[in-house]
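A closer look at the structure
These are the residues of each chain, in order.
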Amino acid sequence: LFKAAWATIAQFGLVKFHGDTGMIAVLHTWGQNLSLHPHVHCIVPGGGIDYRGQWRPVKTSATGKAYLFPVENLSRVFRGKFMAALKKHSSQEKPFIRELYKTNWVVYAKEPFAGPDQVVEYLGRYTHKVAISNHRLRSVDQAGVEFSYRDYRDNRAKRMKLGGVEFLRRFSQHILPKGFVRIRHYGLLSAGKRTQLRQLQSALGVQAPEKKEKKNWKQLCREHLGFDPDQCPECKQGRMVVLQWLAAVRGPPEKPWNPQVATGK
């Protein structure tokens, strides 16, 4: 998915700018109801560096709108590149592959109406987020787990209750393999092009953003999740106070765990 997306953007950038563009891709694997819905959000600069090392911005049309690449063409090329990779790594039968080619694929693309800062801020909320946040959990009991979600078919807030096993099954689908990188940088935004990017910013008179103060997890919860970890979960008025921090135990337990003893049976 990552490779096909970047190969598509890089190809269009080479044709339009006769050079290199860039991309930041963020992987999401879940839908609102915890279903498996893998997709990547991509932030692409409004231009590229040509073969002479000069910045070439996207030209604005007579209507005042700037289109990076034709969306219909992006969809077809992405489908071709993804399907080529799928055929290479999949053992699926050829009729199944042919059926996928008959379907029109859609690459959703639009300019950031509120500005690029808002786009980065929006995606930043999900970079280290799990499939479901605590504030969406409504109840947990012997019958299962109830949580809120938004149904995008009618854009309404709804609730769903799943049995404990099914809830864990859905949640576990979104645990990434060890070492898997959720956020990836390509082209002129990659780590290998950092010097070139700084030179380009200097030439364009763009000041590189200063590193923001690192916030702890409590600040992030309050600002982005609307959840205060220090608020009493019962009365919603009192403030909880940390009395002691327990050191993390990374070794195995001293005695083998016996489920019969643990459950009192």
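So, here is what we can say about the structure in this document. (Residues numbered from 1 in each chain as written. Predicted model: local features only at pLDDT ≥ 70, side-chain atom pairs only at ≥ 80, totals over all residues. Heavy atoms only, no water.)

1. Notes on the pattern of salt bridges
Counted only if it meets this: A pair is scored as a salt bridge if a Lys or Arg side-chain nitrogen falls within 4 Å of a carboxyl oxygen belonging to Asp or Glu. Secondary structure counts use DSSP, requiring at least four H or I residues in a row for a helix and at least two E residues in a row for a strand, with both numbered from the N terminus. Whether a residue is buried, partly exposed or exposed follows from its accessible area with a 1.4 Å probe, protein chains only, as a fraction of its type maximum: under 20%, in between, or over 50%, in that order.
Taken as a whole and assessed by the stated rule, the structure comprises 14 salt bridges. Among the ionic pairs, Asp230 bridges to Lys218, the shortest N-O distance being 2.9 Å. Here Asp230 is found in the loop between α7 (217-225) and α8 (259-262), whereas its partner Lys218 is found in helix α7, with twelve residues between them in sequence. Here Asp230 and Lys218 have matching classes, each one buried. Connected via shared salt-bridge partners are Lys218, Arg222, Asp228, Asp230 and Arg239.

2. Thoughts on the side chain of Asp50
Our working definition: Between N or O atoms, a polar contact is any pair within 3.5 Å; within protein, one atom must be a potential hydrogen donor and the other a potential acceptor, and residues adjacent in sequence are included only when both atoms are from side chains. Residues count as neighbours in contact if any of their non-hydrogen atoms are within 4.5 Å of one another.
Mapped onto the fold, Asp50 is located in strand β4 (residues 47-50). Residue class for Asp50 comes out buried when judged on its relative accessible area of 6%. A polar atom in the side chain of Asp50 sits 2.9 Å from the backbone nitrogen of Arg52. Leave out the neighbours within four places in its chain, and Asp50 touches Phe17, His18, Gly19 and Arg56.

3. Details of the sheet that holds strand β5 (residues 55-57)
Put simply, the rule reads: Pairing between two strands is assigned when DSSP locates at least 2 bridges connecting them.
Across the sheet, three strands lie side by side as β1-β4-β5; this open sheet has antiparallel pairing. Because the sheet does not close on itself, it has two edges, and the strands there are β1 (19-20) and β5. Pairing of β4 with β5 involves three bridges; the strand directions are antiparallel. Paired with Gly47 across the bridge in β5 is Pro57.

4. Remarks on the packing of aromatic side chains
The condition is simple: Between 30 and 60 degrees the pair is tilted, below 30 it is stacked and above 60 it is edge-to-face, where a pair is any two Phe, Tyr or Trp rings, Trp via its six-membered ring, whose centres lie within 6.5 Å. Charge over a ring is defined by NZ of Lys or CZ of Arg lying within 6 Å of the ring centre and within 35 degrees of the ring normal.
Using the criterion set out here, one finds eight aromatic pairs in the structure. Members of the aromatic cluster, joined through ring pairs, are Phe12, Phe17 and Phe69. Here the guanidinium or amino end of Arg184 rests over the ring plane of Phe2, the centre of that ring lying 4.1 Å away. The positively charged end of Arg184 is found above the aromatic ring belonging to Phe180, 4.8 Å away from the centroid.

5. Describing the sheet that holds strand β3 (residues 36-43)
Rules: Lines fitted to C-alpha atoms define the axes, with helix axes restricted to the stretch in contact, and inter-axis angles between N-to-C directions lie between 0 and 180 degrees.
The three strands are arranged β3-β2-β9 in an open sheet whose pairing can be described as antiparallel. Among the strands making up the open sheet, the edge pair consists of β3 and β9 (183-187). Across the sheet, the axes of successive neighbouring strands diverge by a mean angle of 25°, strand direction being ignored. Alignment of strand β2 (residues 22-30) against β3, held across six bridges, turns out to be antiparallel. Its bridge partner lying in β3, Trp30 is registered against Leu36. Packing against the sheet, helix α1 (residues 2-17) makes contact with β2, β3 and β9, and its axis sits at approximately 150° to β2.

6. Here's the deal with the environment of Arg138
Position of Arg138 among the secondary structure elements: in strand β6 (residues 137-141). In the structure, Arg138 is positioned ten residues away from Ser148 in sequence and 6.9 Å away in space, judged by C-alpha atoms. The contacts of Arg138, once residues within four sequence positions are left out, are Glu146, Phe147, Ser148 and Arg159. One polar contact links Arg138 to Ser148, side chain to side chain, over a distance of 3.5 Å.

7. Things to note about the nonpolar core
Heads up, the condition is: By convention a nonpolar core is built from buried Ala, Val, Leu, Ile, Met, Phe, Trp, Tyr and Cys residues, the set being connected through side-chain atoms within 4.5 Å.
Ranked by size, the top nonpolar core spans 16 residues in total, and within it Phe2, Ile9, Met23, Phe69 and Tyr186 carry the most contacts. Listed by contribution, the elements that provide at least two residues to this core are α1, β2 and α2 (71-89). Top contributing element to this core by residue count: α1, with seven residues. Leave out the neighbours within four places in its chain, and Phe69 touches Ile9, Phe12, Gly13, Lys16, Phe17 and Leu74. Formed by ten residues, the second largest nonpolar core is a distinct cluster that contains Leu34, Ile132, Tyr149 and Phe167.

8. Considerations on the pairing of strand β7 (residues 144-151)
Counting buried residues in β7 gives six out of eight residues, a clear majority hidden from the surface. Linkage of β6 to β7, two consecutive antiparallel strands, is achieved through a turn of two residues. Here seven bridges tie β7 to strand β8 (residues 156-162), and the two strands are oriented antiparallel to one another. Note on β8: the bridge partner recorded for Tyr149 is Lys158. The turn joining β7 and β8, which pair antiparallel and follow one another in sequence, is formed by four residues; a positive phi near 60° is taken by Asn155.

9. Describing the packing of α1 against α2
Stated formally: These descriptions rest on fixed angle ranges, namely under 35 degrees for roughly parallel, over 145 for roughly antiparallel, 65 to 115 for roughly perpendicular, and the rest for oblique. Crossings are sorted by hand: turned counterclockwise from the far helix by less than a right angle, the near helix makes the crossing left-handed, and turned clockwise it makes it right-handed. Under this grouping Gly is polar, as are all residues other than the nonpolar Ala, Val, Leu, Ile, Met, Phe, Trp, Tyr, Cys and Pro and the charged Asp, Glu, Lys and Arg.
Following both chains from N to C, one finds α1 and α2 inclined at 130°, their axes separated by 9 Å at the closest point. By the angle class used here, α1 and α2 are oblique. Of the two elements, α1 crosses α2, and the hand of that crossing is right-handed. Facing Ala4, Ala5, Ala7, Thr8, Ile9, Gln11 and Phe12 of α1, the residues of α2 in contact are Asn73, Leu74, Val77, Phe78, Lys81 and Phe82. Grouping the constituent residues of the contact of α1 with α2 by class yields nine nonpolar, three polar and one charged.

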